[in-house]
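For reference, the chains in residue letters:
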Amino acid sequence: MKVAIIDYNAGNVRSVQFAMQRLGIEAHLTGDAAEIQAADKVIFPGVGEANTTMAYLRERGLDEVIRNLKQPVLGICLGMQLLCRHSEENDTDCLGIIPQEVVRFRPKQGEKIPHMGWNSIRNLGNGLFSPGLEGEYVYFVHSYYVERGPYTTATTEHVLPFSSALQKDNFYATQFHPEKSGKVGEAILKHFIQL
């Protein structure tokens, strides 16, 4: 089993690699197109800013590589947002794989932004989630979110209900960080590897 973690100048990629090691899986950090295309599973994680990151992906041709992947792909946090069509963060055109918009949280009653810490996932769909994870807690750090829509496979409430997971075809995504979410995150990563 070859697992590639896309290395694209974003934060947090190493913690995903360590999480995979804890599952006994050797995942390779790589920005090499051929290596990404040859992998059985691809993880597209990240912490960072949408516009700068998209510019980096375009410069290296990784935007087209990602769009054309046929194997299971898991976008995490910024990786999930970049799979969408557009982000309000610096008015960024993203990869357009999932036709949804990424918008900034606008607090209604003094809620803290960024949304940071543990929160529950609900209304779980198929794909990443094994039975029994409904209502479990996972770890978030983000100021932008994806509204609920036809590709939503989990929801979470902060300011309003939003998409904490998405799926379209072979592209799976979580707004939360499974690599920082203890046993629940481990179960989700394991489920992704078994897809």
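Bear in mind that the values here come from a model prediction, so they are computed numbers and not experimental data.

A. The arrangement of the overall build of the protein chain in detail. Secondary structure assignment for the protein chain yields six helices and 13 strands. The C-alpha radius of gyration computed for the protein chain amounts to 15 Å, which stays within 12% of the reference 16 Å derived for 195 residues, consistent with globular compactness. Considered along the principal axes of its C-alpha atoms, the protein chain spans approximately 50 × 40 × 25 Å. Within the span of the protein chain, comprising 195 residues, buried residues form 53% of the whole. With the model as given, the accessible surface of the protein chain reaches about 8,600 Å², and the carbon-plus-sulfur share is 46%.

B. Just the pairing of strand 5 (residues 84-87), in detail. In the sheet, strand 5 pairs with strand 7 (residues 98-104) via three bridges, with the strands oriented parallel. Bridging from a neighbouring strand, S87 pairs with V102 of strand 7. When strand 5 meets strand 6 (residues 92-93), the two strands line up antiparallel, connected through two bridges. The residue of strand 6 that forms the bridge with S87 is T92.

C. The arrangement of the pattern of salt bridges in detail. In the structure shown here, the tally under the stated rule is seven salt bridges. Two residues, E59 and R60, come together in a salt bridge whose shortest N-O distance is 3.0 Å. With relative accessibility at 62%, the residue E59 sits in the exposed group. Note that R106 and E88 form a salt bridge whose closest N and O atoms lie 2.9 Å from each other.

D. Representation of the nonpolar core. In this structure, M20, I43, F129 and I188 are the most contacted members of the largest nonpolar core, which totals 33 residues. Element by element, the count of residues in this core is highest for helix 6 (residues 182-194), at five residues. If you look at the next biggest cluster of nonpolar residues, it comprises 31 residues, including Y8, L78, C94 and A173.

E. Structural context of helix 1 (residues 13-22). Taken residue by residue, helix 1 has V13, V16, Q17, A19 and M20 as its buried positions. An end-on view of helix 1 places all buried positions within 160 degrees of arc, on one side of the element. Where helix 1 is buried, its residues contact strand 1 (3-6), strand 2 (27-30), strand 3 (41-44), strand 4 (73-76) and helix 6. Downstream of helix 1 by one or two residues, G24 has phi in the positive range, about 80 degrees.

F. Quick look at the side chain of D63. Looking at where D63 falls in the secondary structure, it is placed in helix 4 (residues 62-67). According to the relative accessible area criterion, D63 is buried, its value standing at 10%. Ignoring anything within four residues of it in the chain, the contact list for D63 reads L57, R58 and L95.

G. Local environment of helix 3 (residues 50-59). The set of residues buried in helix 3 consists of A50, T53, M54 and L57. One side of helix 3 holds all its buried residues, which, seen down the axis, span an arc of 100 degrees. Summarising the geometry of helix 3, the exposed residues directed more than 90 degrees from the buried face are T52 and E59. Where helix 3 is buried, its residues contact strand 3, helix 4, helix 5 (78-82), strand 5 and strand 6. The N-capping residue of helix 3, defined by a side-chain oxygen 2.8 Å from the backbone nitrogen of N51, is E49. With its phi angle positive at about 75 degrees, G61 sits one or two positions after the end of helix 3.

H. A look at the pairing of strand 9 (residues 137-142). Where burial is concerned, the two faces of strand 9 differ: the one with V138, F140 and H142 is buried and the one with Y137, Y139 and V141 is not. Where strand 8 (residues 115-120) meets strand 9, six bridges bridge the pair, whose relative direction is antiparallel. Bridge assignment links W118 to a residue of strand 9, and that residue is Y139.

Reading guide: rules and limits
Residues numbered from 1 in each chain as written. Predicted model: local features only at pLDDT ≥ 70, side-chain atom pairs only at ≥ 80, totals over all residues. Heavy atoms only, no water. Helix = DSSP H or I, 4+ residues; strand = E, 2+ residues; numbered from the N terminus. Rg over C-alpha atoms; globule rule 2.2 N^0.38 Å. Buried < 20%, exposed > 50% of the residue type's maximum accessible area, 1.4 Å probe, protein only. Areas by Shrake-Rupley, 256 points an atom, 1.4 Å probe, with all protein chains shown as cover. Pairing = 2+ DSSP bridges. Salt bridge = Lys/Arg side-chain N within 4 Å of Asp/Glu carboxyl O. Core = buried A, V, L, I, M, F, W, Y, C linked by side-chain atoms within 4.5 Å. Arc of directions from axis to C-beta. Contact = heavy atoms within 4.5 Å. Polar contact = N/O pair within 3.5 Å; in protein donor to acceptor, adjacent residues only side chain to side chain.

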